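Close look at the chain arrangement
Chain residues, written in single-letter form:
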Amino acid sequence: MSQSQDGTGGLVSVPALLHRNAKEFGGAPAYREKEFGIWQCWNWAEAEREIESLALGLLNLGVNEGDFIAIIGRNRPHLYWSMVAAQMVGAVPVPLYQDAVAEEMAYVLGHCGARVAIVGDQEQVDKVIEVKDQLTEFEHLIYLDPRGLRKYDHTHLHRYSHIQEQGHAARDELTPELRAREAKLNFDSRCVMLYTSGTTGKPKGVVLSNRNVIESARYSSAFDKLGRGEDVLAYLPMAWVGDFIFSIGQSFWTGFCVNCPENAETMMQDLREIGPTYFFAPPRVFENLLTTVMIRMEDAGSLKKRMFDRYMAVARRVGPKILDGKPVGFGDRLQYWIGNLLVYGPLKNTMGFSRVRVGYTAGEAIGPEIFEFYRSLGINLKQLYGQTEATVFITAHPDGEVRADTVGVPSPGVELKIGENGEVFYRSPGVFVEYYKNPESTASTKDAEGWVATGDAGFIEEDTGHLRIIDRAKDVGKMADGSLFAPKYVENKLKFYPNILEAVVFGNGRDECTAFINIDLSAVGNWAERNNIGYASYQELARHPKVMEMIQGHVEEVNRSVAEDPMLAGCQVHRFVVLHKELDADDGEMTRTRKVRRRIVEEKYHDIITALYDGSKEVSTVTEVTYEDGRKGSIRATLEIRDAKVMPVQHAMAAE
Amino acid sequence: MKDMSEGYVTEDGRKIGGVVMEMKNITLRFGGVVAIQDISFDIREGEIRAIIGPNGAGKSSMLNVISGFYVPSEGEVWYKGEKRPPMRPYQVAQQGIARTFQNIALFEGMSVLDNVMTGRLTQMKSSIFSQALWKGRAEAEEVANREVAEKVIDFLEIQHIRKTPVGRLPYGLKKRVELARALAAEPTILLLDEPMAGMNVEEKEDMCRFILDVNDEFGTTIALIEHDMGVVMDLSDRVVVMDYGKKIGDGSPDEVRNNKEVIDAYLGVAHD
């Protein structure tokens with residue numbers, strides 16, 4: 001421990017970092033928020049004053065050490081300050097998702113026994129008041145935006161600025177107490193508690209210590225050479241660990257400025273105005289941006305469109321290489337330079353990416369074309385693999401080694417190992433302390449030596465050291481010959497084709513893999529229209545020989561790409577069928593969030609699966625369907641089963 | 001009816017003050033057509049006052065009398081305890097009465113921000129030369145006016161369309177921009193001519209919330225014309241009912257709802 005404390009120069013808490021920043025570069029911008037059409041700015045010295053006033057106000061309110069303080073609202077400087085003020089008085093901030101409904105909040109507030117909540121506006125106040133009676137320990141509610149709240153009963157409701165004023169007024173009496181509490185903070189104190197979104201079961205409160213947060217911030221800032229000059233846009237939920245690390249951890253560690261958008265709708269304009277140098281977004285944001293660009297290009301004049309197409313082709317060819325510092329011929333460089341002047345530069349400016357030095361995407365798989373599009377423009381977009389339990393960082397792409405199919409190399413300070421079943425385990429200074437009030441879950445996730453199970457299956461590429469995530473560990477199985485079976489890996493590859501809406505791959509414990517495929521009616525329908533292919537129904541379109549041919553082409557391409565990977569080459573799809581109906585949540589085949597329920601699909605279509613494995617050329621089937629009004633009916637169909645070409649498997653490399 | 005000369009307190013605890021505007025025996029004729037016939041009512045400080053009635057009842061004409069667009073043929077308009085002489089609409093606006101229109105009247109080619117800024121025009125005192133040269137008073141005024149405009153934009157949650165030309169906006173948002181322009185004038189009385197016309201349920205709910213918030217936050221007195229009875233009954237403190245240019249009812253929503261003449265006017269009975 002002493003070793004790592006030396007690494008941070010004795011700065012063992014976020015408030016300590018705040019004081020250092022205010023002292024060493026108090027005049028540098030710490031926070032900006034767009035309000036009333038202008039970017040309002042607070043420098044580090046001002047931020048320190050604001051935070052201290054609030055902390056004194058919290059003391060004045062009777063907040064004890066070890067209390068939990070819930071923070072709910074959209075990204076605003078004041079709410080970030082609330083978190084640090086809570087830490088200053090020895091309390092633990094618990095940011096909540098602002099779009100959570102009242103009952104979800106009730107669970108979290110009750111579970112941590114929060115005594116105080118600091119919220120953004122009337123909407124959040126209403127939600128907390130709604131559930132207040134279920135909470136035994138809850139006392140004070142502090143709000144930021146007074147709008148619409150004038151007539152509320154203010155016995156336990158306080159305005160943020162009033163709390164600050166009261167704290168400031170009582171500063172003479174309370175400052176010694178505040179300093180004493182701050183002095184008690186150390187590397188092992190709780191820094192923050194974040195609730196995991198909990199797709200299964202109740203959310204769990206992940207406790208992160210100062211060590212977790214500060215060490216992770218320190219290592220990751222060094223990894224990407226982040227400095228005081230960075231600008232980030234804080235627009236992702238405050239309850240998400242990533243936002244906490246970027247907007248508090250790394251910001252306080254390196255001293256860079258956090259910019260808060262005016263509101264959710266203005267985010268894209270604000271992004272453009274700020275032009276962040278360090279940017280983070282889930283794949284969805286990048287996809288939407290790309291779609292907007294493409295739609296606007298469709299509407300552009302022919303000259304612009306031709307120019308765009310021509311220079312995008314150049315960018316796709318040489319852009320990523322230039323970004324990675326690989327050798328590129330002079331002619332290509334010149335063309336890329338012209339392209340940058342005419343197309344890429346203005347385009348990046350429109351998207352707000354002119355200054356991006358480091359961009360990350362994480363959370364789910366990003367389509368390789370989308371990834372390549374941004375990289376070809378010269379935007380250094382990289383992938384990150386992380387978890388709340390790891391204080392974000394497990395692996396990340398180092399500059400110059402970025403590939404769409406891996407999630408990068410272990411972040412500094414992180415050790416990785418692959419379990420027997422292919423599950424990824426890690427150990428790092430960022431490993432969480434515990435799940436709050438849940439020792440069983442803590443024990444089942446983190447072992448005595450500090451290794452944490454991710455729940456994801458993956459492997460480390462031998463030559464590059466990159467980690468590749470293939471699937472959720474519970475879905476991964478073994479083929480009959482013992483090689484790895486990772487259905488989601490193949491399904492994702494199939495689904496990257498716009499024509500394929502959904503794919504389900506089978507093969508656990510069998511000799512070869514087969515697949516169900518759902519066509520995407522809008523994409524394939526559009527294609528059919530352009531190619532004068534008439535069809536009357538989904539079923540008819542799905543079984544059209546030309547559609548079958550097209551899908552077969554996609555499957556074979558996927559097979560080629562899967563075969564490149566010796567460990568997964570066994571997962572190539574040998575036979576497939578295009579289903580006569582879309583998999584549907586109403587029929588129980590999918591969850592409401594559109595995840596395939598494998599087991600139910602297997603049971604329901606067992607006759608088709610049998611046909612896929614017994615070599616028959618077609619299969620007749622009757623399927624029960626539920627209409628949207630709840631009535632049941634059935635569809636009869638005869639489906640053609642096709643064989644897809646597979647690549648030979650190179651077994652030699654797969655051997656351990 | 002209870003005595004309300006000194007104002008009253010509403011059920012939800014809002015304090016309503018004394019009379020700020022009073023219409024005394026207003027009659028309005030267009031040639032031989034009598035649009036408004038001998039109507040009297042008052043508007044109190046801080047209240048939401050609705051004028052309702054079937055099509056052609058004379059509601060918009062009444063609003064136009066209040067806003068100074070029409071000069072009544074007979075009768076008097078008393079504002080803040082003084083009898084108002086015949087005035088041009090801009091003079092009325094300078095007195096602190098702002099309005100929105102039934103068929104949106106915005107500058108379509110200008111941005112939302114510029115439209116809202118036009119609401120501040122009545123407050124500008126600098127000369128045209130000083131504005132053109134951007135010197136002295138004009139500069140300080142512009143900053144102050146922009147501040148007010150931005151507060152209104154923030155209040156009505158239209159930040160995301162600040163720079164968008166109004167012509168590109170959907171109908172519901174245009175209505176909101178119009179309200180913003182009226183609010184930018186920081187009016188004492190805000191006149192709304194069918195603020196919910198042509199809106200869907202969600203937009204109506206939003207608009208209701210904004211009207212209530214305006215009244216609550218700024219204490220603005222609001223007089224509105226509206227067709228949607230549900231909205232009127234929920235929003236307003238007192239309601240004037242007109243039919244064929246005459247006043248047939250006046251009172252709280254409950255009183256009006258149970259008024260026989262009002263029911264007849266809305267459900268329709270044969271007119272002699």
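Residues numbered from 1 in each chain as written. Chains lettered and ligands numbered in written order. Predicted model: local features only at pLDDT ≥ 70, side-chain atom pairs only at ≥ 80, totals over all residues. Heavy atoms only, no water.

1. Details of the overall build of chain A
The secondary structure content of chain A amounts to 23 helices and 28 strands. Here chain A has a C-alpha radius of gyration of 27 Å; the compact-globule value for 656 residues is 26 Å, and the two agree. C-alpha extents for chain A along the principal axes are approximately 85 × 60 × 55 Å. Taking all 656 residues of chain A together, 56% fall into the buried category. (Helix = DSSP H or I, 4+ residues; strand = E, 2+ residues; numbered from the N terminus. Rg over C-alpha atoms; globule rule 2.2 N^0.38 Å. Buried < 20%, exposed > 50% of the residue type's maximum accessible area, 1.4 Å probe, protein only.)

2. Some thoughts on the packing of aromatic side chains
Residues and elements named next belong to chain A. Taken as a whole, this structure holds 27 aromatic pairs over all chains when the rule is applied. Arranged with centres 6.2 Å apart and planes meeting at 40°, the rings of Phe286 and Phe353 form a pair that is tilted. Residue Phe286 is found in helix H12 (residues 283-299), and its partner Phe353 is found in the loop between helix H14 (330-351) and strand S13 (358-361); the two are separated by 67 residues along the sequence. Taken individually, Phe286 and Phe353 each receive the classification buried, so the pair is uniform in this respect. (Phe/Tyr/Trp six-rings, centres within 6.5 Å; stacked < 30°, edge-to-face > 60°.)

3. As for the domain arrangement of chain B
Many analyses report the size of an interface as the accessible area lost when the parts associate. Residues and elements named next belong to chain B. Domain boundaries in chain B define domain 1 (1-96 + 187-272) and domain 2 (111-185). A straight line from the C-alpha centre of domain 1 to that of domain 2 covers 27 Å. At the interface, 20 residues of domain 1 touch 12 residues of domain 2. Summed over both partners, the interface of domain 1 with domain 2 buries about 1300 Å², with 73% contributed by carbon and sulfur atoms. Summed over the three residues of domain 1 that lose the most area to domain 2, namely Pro187, Met207 and Phe210, the buried surface amounts to 34% of that side. (Domains from an automatic or database assignment. Contact = heavy atoms within 4.5 Å. Buried area = accessible area lost by both parts, 1.4 Å probe.)

4. Here we look at the interface of chain A and chain B
Opposite the 14 residues of chain A that make contact, chain B presents 16 residues. Carbon and sulfur atoms supply 39% of the area that chain A and chain B bury against each other, a total of about 1300 Å² over both sides. Viewed at the interface, chain B and chain A are joined by five salt bridges. For A:Glu262, the salt bridge goes to B:Arg162, with nearest N and O atoms at 2.5 Å. Summed over the shared surface of chain A and chain B, the result is nine residue pairs in polar contact (both at pLDDT 80 or more). When its residues are assigned to classes, the side of chain A that touches chain B shows two nonpolar, five polar and seven charged. (Salt bridge = Lys/Arg side-chain N within 4 Å of Asp/Glu carboxyl O. Polar contact = N/O pair within 3.5 Å; in protein donor to acceptor, adjacent residues only side chain to side chain. Nonpolar A, V, L, I, M, F, W, Y, C, P; charged D, E, K, R; others polar.)

5. A look at the nonpolar core
Counting residues in each nonpolar core, the largest one holds 123 residues, and the members touching the most others are A:Phe353 and A:Tyr374. Here this core gets nine residues from one element, more than from any other, and that element is helix H3 (residues 44-61) of chain A. Mapping this core onto the domain boundaries places at least three of its residues in each of domain 1 (2-274) and domain 2 (281-472) of chain A. If sequence neighbours within four positions are ignored, A:Phe353 has contacts with A:Leu271, A:Phe279, A:Phe286, A:Leu289, A:Lys348, A:Tyr374 and A:Ile379. Grouped together as the second largest cluster of nonpolar side chains are 48 residues, B:Ile48, B:Ala184, B:Leu192 and B:Met196 included. (Core = buried A, V, L, I, M, F, W, Y, C linked by side-chain atoms within 4.5 Å.)

6. What about the sheet that holds strand S11 (residues 238-243) of chain B?
Residue and element names in this part refer to chain B. The strand order across the open sheet formed by six strands is S8-S9-S10-S5-S11-S12, and the pairing between neighbours is mixed. Each of the sheet's edge strands pairs with one partner strand only, and the pair in question is strand S8 (97-99) and strand S12 (246-251). The mean angle between the axes of side-by-side strands here comes to 15°, regardless of whether they run parallel or antiparallel. With four bridges joining them, strand S5 (residues 48-52) and strand S10 (residues 221-225) adopt parallel strand pairing. Looking at the pairing, Ala50 lines up with Leu224 of S10. Most of the contacts of helix H1 (residues 59-66) go to strand S9 (residues 189-193), to which it runs at about 155°, and overall it touches S5, S8, S9, S10 and S11. The strands touched by helix H6 (residues 171-184) are S8 and S9; relative to S9, the strand with the most contacts, the crossing angle is about 155°. (Pairing = 2+ DSSP bridges. Axes fitted to C-alpha atoms, helices over the stretch in contact; angles between N-to-C directions.)

7. Describing the pattern of salt bridges
A side chain with one charge can pair with a side chain of the opposite charge if their charged atoms come near. Taken as a whole, this structure holds 60 salt bridges over all chains when the rule is applied. Ionic pairing is found between A:Lys495 and A:Glu502, a salt bridge with its closest N-O pair at 3.2 Å. Salt-bridge contacts for B:Lys174 lead to B:Glu108; the nearest nitrogen and oxygen are separated by 3.5 Å. Taken together, the residues span a long stretch of sequence, with B:Lys174 in helix H6 and B:Glu108 in the loop between S8 and helix H3 (112-118) at a distance of 66 residues. One network of salt bridges, in which partners are shared, links A:Arg147, B:Glu157, B:Arg176, B:Asp206, B:Arg209 and B:Asp213.

8. Concerning a nonpolar patch on the surface
On the surface, a nonpolar cluster with roughly 590 Å² of combined accessible area is contributed by A:Phe330, A:Leu334, A:Trp337, A:Leu341 and A:Leu342. Along the chain, the position of A:Leu341 falls in helix H14. (Patch = residues over 30% accessible without salt bridge, like charges linked within 9 Å, V, L, I, M, F, W, Y side chains within 5 Å. Areas by Shrake-Rupley, 256 points an atom, 1.4 Å probe, with all protein chains shown as cover.)

9. Remarks on the confidence of the model for chain A
Residue and element names in this part refer to chain A. Per-residue confidence for chain A gives a mean pLDDT of 88, with 96% of residues at or over 70. Low pLDDT, under 50, characterises residues 1-5; the stretch is placed with eight contacts to residues that sit more than four places away or in other chains. Throughout residues 652-656 the model reports pLDDT below 50, and contacts reaching past four residues in sequence, or to other chains, amount to two contacts. (pLDDT = per-residue confidence, 0-100.)

10. Points about H12(A)
Residue and element names in this part refer to chain A. When the terminal C-alpha atoms of H12 are compared, their 25 Å separation across 17 residues agrees well with the 24 Å that a helix rising 1.5 Å per residue should span. Taken together, the buried positions of H12 are occupied by Pro283, Val285, Phe286, Leu289, Leu290, Val293 and Met297. Along the axis of H12, the buried positions cluster into a sector of 165°, meaning they face one direction only. Set apart from the buried face of H12 by more than 90 degrees, the exposed residues are Glu298 and Asp299. (Expected span 1.5 Å × (residues − 1). Arc of directions from axis to C-beta.)

11. Remarks on the sheet that holds strand S17 (residues 415-418) of chain A
Residue and element names in this part refer to chain A. Read from one edge to the other, the open sheet built from four strands follows the order S17-S18-S20-S21, with strand pairing classed as antiparallel. Edge positions in the sheet fall to S17 and strand S21 (467-472), since each of these pairs with one other strand and no more. Taking each pair of neighbouring strands and ignoring which way they run, the sheet shows an average axis angle of 50°. Note that strand S18 (residues 423-427) and strand S20 (residues 452-460) share three bridges and pair antiparallel. Residue Glu423 lies in a different strand from S20, and its bridge partner there is Ala457.

12. Some words on unusual backbone geometry
Outside of glycine, negative phi angles account for most residues, and trans bonds account for most peptide bonds. One non-glycine residue with positive phi stands out, namely A:Phe36, at about 55°. Looking at the element boundaries, A:Phe36 is found in the loop between strand S1 (29-35) and strand S2 (38-43).

13. Comments concerning the state of the cysteines
Residues and elements named next belong to chain A. Under the criterion given, the structure shown has zero disulfides over all chains. The structure places no disulfide on Cys191, whose sulfur is separated from the nearest cysteine sulfur, that of Cys112, by 15 Å. The class for Cys191 is buried, based on a relative accessible area of 0%. As a non-bridged cysteine, Cys260 has Cys257 as the owner of its nearest cysteine sulfur, 8.8 Å distant. Residue classification places Cys260 among the buried positions, given a relative accessible area of 0%. (Disulfide = S-S within 2.5 Å.)

14. Digging into the packing of helix H13 (residues 302-323) of chain A against helix H15 (residues 368-376) of chain A
Residues and elements named next belong to chain A. Where H13 contacts H15, the axes come no closer than 7 Å and their chain directions differ by 80°. Our classification of the angle between H13 and H15 gives roughly perpendicular. Each of Met312, Ala315, Arg316, Gly319, Pro320 and Leu323 in H13 lies in contact with H15, whose residues at this interface are Glu372, Phe373, Arg375 and Ser376. In terms of residue class, the contact of H13 with H15 is built from five nonpolar, two polar and three charged. (Parallel < 35°, antiparallel > 145°, perpendicular 65-115°, else oblique.)

15. A word on the domain arrangement of chain A
Residues and elements named next belong to chain A. Entries for chain A in the domain assignment read domain 1 (2-274), domain 2 (281-472) and domain 3 (481-654). Across the boundary between the two partners, domain 1 contributes 37 residues, which contact 37 residues of domain 2. A combined buried area of about 2900 Å² lies between domain 1 and domain 2, and 63% of that area is made up of carbon and sulfur atoms. Joining domain 1 to domain 2, the criterion identifies four salt bridges. For the side of domain 1 that touches domain 2, the elements supplying multiple residues, two or more each, are helix H5 (102-112), strand S8 (190-195), strand S9 (205-209), helix H9 (210-223), helix H10 (241-255) and helix H11 (267-274). Here the side of domain 1 that touches domain 2 gets eight residues from one element, more than from any other, and that element is H9. Here the side of domain 1 that touches domain 2 is built from residues that sort into 19 nonpolar, nine polar and nine charged.

16. Focus: the pairing of S13(A)
All names here are of chain A. Both faces of S13 are covered, namely the face carrying Val358 and Tyr360 and the face carrying Gly359 and Thr361. Where strand S12 (residues 278-281) and S13 come together, four bridges link them in parallel fashion. Each bridged residue has a counterpart across the sheet, and for Phe279 the counterpart in S13 is Gly359. Strand direction decides the pairing type here: S13 and strand S14 (residues 381-387), joined by three bridges, are parallel. Paired with Thr361 across the bridge in S14 is Gln383. As for the winding sense of the linkage, the β-α-β connection from S13 through H15 to S14 is right-handed. (Right-handed = clockwise from strand over helix to strand, strands pointing away.)

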